[in-house]
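Spelled out from the first residue to the last, the chains are:
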Amino acid sequence: MNTRYFTDDLWTQFEEEGYVIFGDILSALDLRMLQKRINAIMLGEADVDYTRMMMQLDSTSGNYEDAGEQTQGHKGKTLNYRKIQQLEFDPQFLRFIQHPAFREACGRVYGEQTSVTVFRSMFMNKPANRGTFLPWHQDRWSSIEPDPQLTIWTALDPATKENGCVQIIPGSHKLGIINPEHPSGFLTPEQAAEHAPAEKVFHLELQPGETALLHNHVLHASDRNNSAQSRRAFSVCYMHGETRNTKRPESFSRVFGPGAMNAEELVV
Ligand SMILES: O=C(O)CCC(=O)C(=O)O
């Protein structure tokens, strides 16, 4: 296999620990472009099809249950969004999703010749001095088969303990599905206390433009933002091209392989 980006050592860390920090992936210019683009999308100023994008406003309480409704369409001119999905329909984000390093990572996970779709390509935001606590969970959805294995998380701002960086439990992807009862992989408080005690937590602190690969089953969570620095990030879950929703018809955007999306065709 062509391993231009991932040495065997890096890959062994991903397999053993369930995560690996790949480091700088975005040039300063590309980073600036994505930062500006996501702000323009939030402010309703981007020439994108908002009816395709799932958008959710941040909570004001910091509680997960209080975050806004996740529905398609713009929800007001504000930087206080928590989540925006379907960013593969934006040409600038799609170009980034299709970075050759990510192609290589998908090849390692799913096989070099396998086509790849995305379950979600999402902006995750913790606005300055706000943000919503995200409880411990595994990125596993009971209606999606087979389970996706790879999420690639890129910092668009510094991600620090203070502003709510992702926290993980290294190696926890080997525990299997901890709460199969929950449709989207969230742990009960008792399971979180057992599997994610403070002494096992690793804070995934990253510089803007740095990327980390996460195994979908690695336990992760993130806190509120207790700082004046926003914590913008872009997270993409890559799946085997044959992955299906077993409960309802759903088509997933193909990003690698025959018939993959093409950013040039999205430019309006
Ligand atoms: O960005 C975060 O705080 C968490 C993101 C997450 O859960 C994910 O990317 O799967």
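Relevant structure appears above.
Residues numbered from 1 in each chain as written. Predicted model: local features only at pLDDT ≥ 70, side-chain atom pairs only at ≥ 80, totals over all residues. Heavy atoms only, no water.

Engineer: Can you walk me through the packing of helix α1 (residues 8–17) against helix α4 (residues 100–110) in this structure?
Structural biologist: Two measures define how a pair of helices packs: the angle their axes make with one another and the distance between the axes. Where α1 meets α4, the closest approach of the two axes is 12 Å, and the angle between their N-to-C directions is 60°. Taken as axis vectors, α1 and α4 run oblique relative to one another. Here the hand of the crossing between α1 and α4 comes out right-handed. Counting all contacts with α1, which are made through D8, W11 and F14, the residues of α4 involved are A105, R108 and V109. Looking at side-chain class alone, the contact of α1 with α4 contains 4 nonpolar, no polar and 2 charged residues. (Axes fitted to C-alpha atoms, helices over the stretch in contact; angles between N-to-C directions. Helix = DSSP H or I, 4+ residues; strand = E, 2+ residues; numbered from the N terminus. Parallel < 35°, antiparallel > 145°, perpendicular 65-115°, else oblique. Left-handed = near helix turned anticlockwise from the far one by under 90°. Contact = heavy atoms within 4.5 Å. Nonpolar A, V, L, I, M, F, W, Y, C, P; charged D, E, K, R; others polar.)

Engineer: I would appreciate a short explanation of the pairing of strand β13 (residues 231–240) in the present structure.
Structural biologist: The side chains of a regular strand alternate, residue by residue, between the two faces of the sheet. Taking burial as the measure, the 10 residues of β13 include 9 buried ones, the bulk of the element. With 10 bridges joining them, strand β5 (residues 116–126) and β13 adopt antiparallel strand pairing. Bridge pairing in β13 places M122 opposite S235. Bridge analysis of strand β8 (residues 150–155) against β13 gives 6 bridges, and the strand direction is antiparallel. Of the residues in β13, the one forming a bridge with T151 is C237. (Buried < 20%, exposed > 50% of the residue type's maximum accessible area, 1.4 Å probe, protein only. Pairing = 2+ DSSP bridges.)

Engineer: What's the story with the packing of aromatic side chains in this structure? I'm lost.
Structural biologist: Aromatic ring pairs are defined here through the distance separating the ring centres and the angle between the ring planes. As enumerated under the stated definition, the model contains 13 aromatic pairs in all. When the centroid spacing of 4.9 Å and the interplanar angle of 40° are considered together, the rings of W11 and F14 count as tilted. Separated by 3 residues within a single helix, W11 and F14 lie in helix α1, roughly one turn from each other. F14 sits in the buried class, given a relative accessible area of 4%. Taken together through their ring pairs, the aromatic side chains of F93, F96, F102, F234, Y238 and F256 make up a single cluster. The cationic tip of R52 hangs over the ring face of F89; the distance from NZ or CZ to the ring centre is 3.9 Å. (Phe/Tyr/Trp six-rings, centres within 6.5 Å; stacked < 30°, edge-to-face > 60°. Lys NZ or Arg CZ within 6 Å of the ring centre and 35° of its normal.)

Engineer: Explanation requested: the environment of Q13 in the structure shown.
Structural biologist: Assignment of secondary structure puts Q13 in helix α1. Spatially, the C-alpha atoms of Q13 and S222 are 22 Å apart, while their sequence positions differ by 209 residues. Sequence-distant contacts of Q13, that is, excluding residues within four places in its chain, are made with G18, Y19 and V20.

Any functional reading would require information that these geometric values do not contain.
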